[in-house]
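# Structural characterization, general
Each chain is listed here by its residues.
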Amino acid sequence: MKRIISLILILCLCFSVIGCQSKEATNDPQMNSGKNEGEKEIVKDHYPVTITNYDTTGEKVEQVFKKPPERVVCMETQIAQVMLALGLEEKIVGVAKSVGNVSDKYLNTFNSLELLADDGYPSKEIVINADPDMIIGWGSAFSEKNLGSVNDWIDKGIHTYAMENTVASKVTGPRTVERIYIDIKNLGMIFNVEDRAEELIADMKARAKVIDEATSALDDKNRVKVLTIQMVYENEFFGRSDKDLTTDLIRIAGGISLDREFGKQSMENIIDLNPDVMLIIDRTDSRAEDKIAALKSNSALKNVRAIKNNRFVPVKYVDFYGGAYEAIEIIERMAKSFYPKELKDLDTSQVKSNVTNYPITITNYDGYIESNKGAVVEQVFKKRPKRIYAVSQAVTELLISLGLTDDIIATSHAHSPVYAPLADQYNSIEFVGEGSYPSKEVFVSYSPDIIVGWGSLFSDKTMGSVLDWHEKGVNTYVMQNTVANLGNRNVYWILNDIENLGKIFDVQERARELKTDIENRISDIEDKIKNIKEEDKPTVHTVQYMYENEYLPRASIDLTSDIIRLAGGKSIDDKSGKQSIENLIEKNPDIILAVNLKKSPAEKTIKAIKEHPSLKNLNAVKNNKFLIIEHTAFYCGSLQTIESIEALHSLISE
């Protein structure tokens, strides 16, 4: 229906231009700008989009977007923060800031943007030089003394958008969190990122509901009374009005707002209101801690409950004025500060995990490139990857366990039998390359937006550096236990991979479940073995291949050593590479871990050890103490790793 209405509006505008060149047509800047010559075909199932917004006085202005804006100027830090939460940093060609900073999670990205002014609004000329096709600002930005009216910019062929909570409240009504939702939804429609916008809104609403349920039992006499302080002077303070966003933030957090008047007020007003808690606005030009110190040092205020009980809640200027997605984080913090005893167990993590705050930065590594071997590499994920090339079986099994089967476009490099509980899902994925890596050309042909694999995949002889792929616009992730020169491989790196992949693919809740399950199972074993002396632990040795008079063990830096340690054994793995049978005899392990591979089944390895005449007196052979470990469990790690630890612990405990 919206699309039909939008099409009707476009037709009406076109007829008015033909008939009388009406100025109404200027509300479609792209119709007048001449910038649409030779442009790509518009996404017909989304555009045109009609948005109702405002000018600086609060009068409604309707604009038609025929395509997503590509060059956006954000006239305030708060606006940039909303755009960054939507993953739209590539659209921003200029930003301005006054007395507030973005949230820390966006700071690196914000600092990389072109700064047009760092103390208020830039001039019209500077904005024009940025060549925007859209300007997003506070209502005050579009006043005559600043950038001029929205209609002036529309006449120039440049779209505008005034953030809901910043236009004239006398006309549009109080500032509220609901109006933050409107901004997020409108910008989602304008830039064709509606799914992301709906995720953010749904997350905010779900978390607000948790807080509401936690505070709903409180009656008014038990609710804290809260006053907002923006500035502190010698005998006055600057307060906010009951139409400001702080009033709604306080309400949702379960408090009662005492904010009534905007502007300077006498200190007697604080005494009369006697708030339980004070919200202190933190600005770059007026720090919250300085204002708190000034309030505390004023002897006339010593009996005010908030001051007497040291109950202050700093709120960043960006978060209180206009608002952004992070307003829900402020509300959560306020609620816990208002009711530290009642809400000590408040946990919104379950609903909070539904949204990843893209863009996110993940620290990972390069591969086996001689010039950059195992180097730390930071990647920015601007949105959730949708086309995963999962290279190696262990990687694929882990991604399936995270619920990402439908996003895996291909897999390669299988060494072990597939983990039985995941077999159906694994076998539904296209398989390319048995036991080795496909060529670069094969990878490119699948158009992945992320490649997840072992460090050896990214070598000079195979795929090249991860940095080469980043330049192609393809993200990478190297499993930590396969990185060159990083140190001893361990189970906790598997947990780190799970956590990182959860963030990258926006499945943090599932990642947390897997991680917690593994941690709890390890903890159970640790409790059982904590009193066993080191000299009483059985020795365990890993055997990967058996030859006629030689065998191939694993090194002390391998994951097997950590598996053995966590299971309650003592690893005697020392170095990899072919070794003589005499070395195995000398080590005389109590237990042998036999690595299971398709080309060298563990059963065959165990049989060869048992039947070798020189090995009949090994403790492991005499007592038949063998354990099969899958290649996926011992190399980079998978969900089978914890099962191997448990199985080895059971064998040790017999």
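Each residue is numbered by its place in its chain's sequence as written, counting from 1. Given that the model is predicted, a residue must reach a pLDDT of at least 70 before its local features are reported, and side-chain atom pairs must reach 80 or more before they are shown or counted; all residues, however, enter totals for whole chains, interfaces and linings. Just so you know, side-chain values use all the structure's heavy atoms and leave hydrogens and water out.

With that settled, consider the overall build of the chain. Numbering goes from the N terminus for both helices and strands, where a helix is a DSSP run of H or I of at least four residues and a strand is a run of E of at least two. Check the secondary structure of the chain and you find 28 helices and 25 strands. For the C-alpha atoms alone, the extent of the chain along its principal axes is close to 100 × 70 × 45 Å. Surface accessibility follows the Shrake-Rupley procedure with a 1.4 Å probe radius. Residue values consider only the protein chains on display as shielding. Accessible surface, the chain as shown: approximately 28800 Å² in total, 47% of it carbon and sulfur. Charge-centre separation for the chain: the mean point of 79 positive side chains lies 2 Å from the mean point of 98 negative side chains. His is not counted, nor are the chain ends, whereas Lys and Arg count as positive and Asp and Glu as negative. Charge positions are represented by NZ for Lys, CZ for Arg, CG for Asp and CD for Glu.

A separate point is the sheet that holds strand β19 (residues 475-478). A pair of strands counts as paired when DSSP detects no fewer than two bridges linking them. Spatial strand order, β17-β16-β18-β19: four strands in an open sheet with parallel pairing. Every interior strand has two partners, whereas the edge strands, β17 (408-412) and β19, have only one. Across the sheet, the mean angle from the axis of one strand to that of its neighbour is 15°, orientation sign disregarded. Direction of pairing for strand β16 (residues 388-391) relative to strand β18 (residues 450-453): parallel, over a ladder of three bridges. What sits directly across from Ala-390, in β18, is Val-452. By definition in these notes, contact holds between two residues if any of their heavy atoms fall within 4.5 Å. Orientation is described by lines fitted to C-alpha atoms, with helices fitted over the stretch in contact, and by angles between N-to-C directions that extend from 0 to 180 degrees. Helix α21 (residues 491-504) contacts β18 and β19 of the sheet and is inclined by roughly 165° relative to β19.

Turning to helix α12 (residues 288-297), a few remarks are in order. Residues of α12 that are buried include every one of Ala-288, Lys-291, Ile-292 and Leu-295, and no others. Here the buried residues of α12 occupy an arc of 100° about the axis, which is enough to place them on one side. Opposite the packed face of α12, turned more than 90 degrees from it, sit the exposed residues Glu-289, Asp-290 and Ser-297. Against β8 (225-232), α11 (267-273), β12 (277-282), α13 (305-308) and β13 (312-316) lie the buried residues of α12. Think of it in three bands: with a 1.4 Å probe and only protein chains considered, a residue is buried below 20% of the maximum accessible area for its type, exposed above 50%, and partly exposed in between. This arc describes the spread of directions from the helix axis toward the C-beta atoms.

Buried residues dominate β17, accounting for five of its five residues. When β16 meets β17, the two strands line up parallel, connected through four bridges. Among the inter-strand pairings, Ala-390 is bridged to a residue of β17, identified as Thr-411. Seen with its strands pointing away from the viewer, a crossover is right-handed when the path leading from the first strand over the helix to the second is clockwise. Handedness of the β16-helix α17 (residues 393-401)-β17 crossover: right-handed.

Bringing the nonpolar core into the picture now. Take the buried Ala, Val, Leu, Ile, Met, Phe, Trp, Tyr and Cys residues and link them wherever side-chain atoms come within 4.5 Å; each set so joined is a nonpolar core. Of all hydrophobic cores here, the largest spans 81 residues; its most connected members are Leu-399, Ile-451, Val-452, Met-479, Leu-501 and Phe-505. Among residues more than four places away in sequence, those in contact with Met-479 are Val-395, Leu-398, Val-452, Gly-453, Trp-454, Asp-497, Leu-501 and Cys-636. If you look at the next biggest cluster of nonpolar residues, it comprises 68 residues, including Val-99, Leu-113, Tyr-181 and Ala-208.

Further remarks concern the pattern of salt bridges. By definition here, a salt bridge exists when the distance from a side-chain nitrogen of Lys or Arg to a carboxyl oxygen of Asp or Glu is within 4 Å. Per the counting criterion, the structure on display carries 31 salt bridges. Between Glu-534 and Lys-537 there is a salt bridge, with its nearest N and O atoms 3.3 Å apart. For Glu-534, a relative accessible area of 43% corresponds to the partly exposed category. By relative accessible area, which is 14% here, Lys-537 ends up buried.

Tracing the backbone shows Asn-549 in the loop between β20 (539-546) and β21 (550-553). Looking at Asn-549, the relative accessible area reads 47%, which means it is partly exposed. In this structure, the C-alpha to C-alpha distance between Asn-549 and Lys-578, residues 29 residues apart in sequence, is 9.9 Å. Look past the residues within four positions of Asn-549 in its chain and what remains in contact with it is Gln-579, Ser-580, Ile-581 and His-612.

Bringing the sheet that holds strand β4 (residues 92-96) into the picture now. If you walk across this open sheet you meet the five strands as β5-β4-β3-β6-β7, and the pairing is parallel. Strands at the two margins of the open sheet, each flanked by one partner only, are β5 (115-117) and β7 (159-162). Within this sheet the neighbouring strands show an average axis-to-axis angle of 20°, counted without direction. Judged from the three bridges that link them, strand β3 (residues 72-74) and strand β6 (residues 134-137) form a sheet pairing that is parallel. If you follow Val-73 over to β6, its bridge partner there is Ile-135.

Looking now at the side chain of Gln-379. Here Gln-379 shows up in strand β15 (residues 376-381). Any pair of nitrogen or oxygen atoms within 3.5 Å is treated as a polar contact; in protein, a donor-acceptor pairing is required on top of that, and neighbouring residues in sequence qualify only through side-chain atoms on both sides. Here Asn-475 takes part through its side chain, which lies 2.9 Å from a polar atom of the side chain of Gln-379. Of note is the side chain of Gln-379, whose polar atom sits 2.6 Å from the backbone oxygen of Thr-476. Those residues in contact with Gln-379, other than ones at most four positions away along the chain, are Ile-360, Thr-361, Ile-362, Asn-364, His-470, Asn-475 and Thr-476.

In this section: the packing of α21 against helix α22 (residues 508-529). Across the interface, α21 lies against α22 with an axial gap of 8 Å and an inter-helix angle of 165°. Taken as axis vectors, α21 and α22 run roughly antiparallel relative to one another. In this structure, the crossing between α21 and α22 has a hand that is left-handed. Across the interface between the two elements, Val-491, Tyr-492, Leu-495, Ile-498, Glu-499, Gly-502 and Lys-503 from α21 touch Gln-508, Ala-511, Leu-514, Lys-515, Ile-518, Glu-519, Ile-522 and Glu-526 from α22. Each residue gets one label: Ala, Val, Leu, Ile, Met, Phe, Trp, Tyr, Cys and Pro are nonpolar, Asp, Glu, Lys and Arg are charged, and the others, such as Gly, are polar. Residue composition of the contact of α21 with α22, grouped by class: eight nonpolar, two polar and five charged. In this scheme, roughly parallel covers angles under 35 degrees and roughly antiparallel covers those over 145, while 65 to 115 is roughly perpendicular and the rest are oblique. Crossings are sorted by hand: turned counterclockwise from the far helix by less than a right angle, the near helix makes the crossing left-handed, and turned clockwise it makes it right-handed.

Nothing here speaks to function; it is all geometry.
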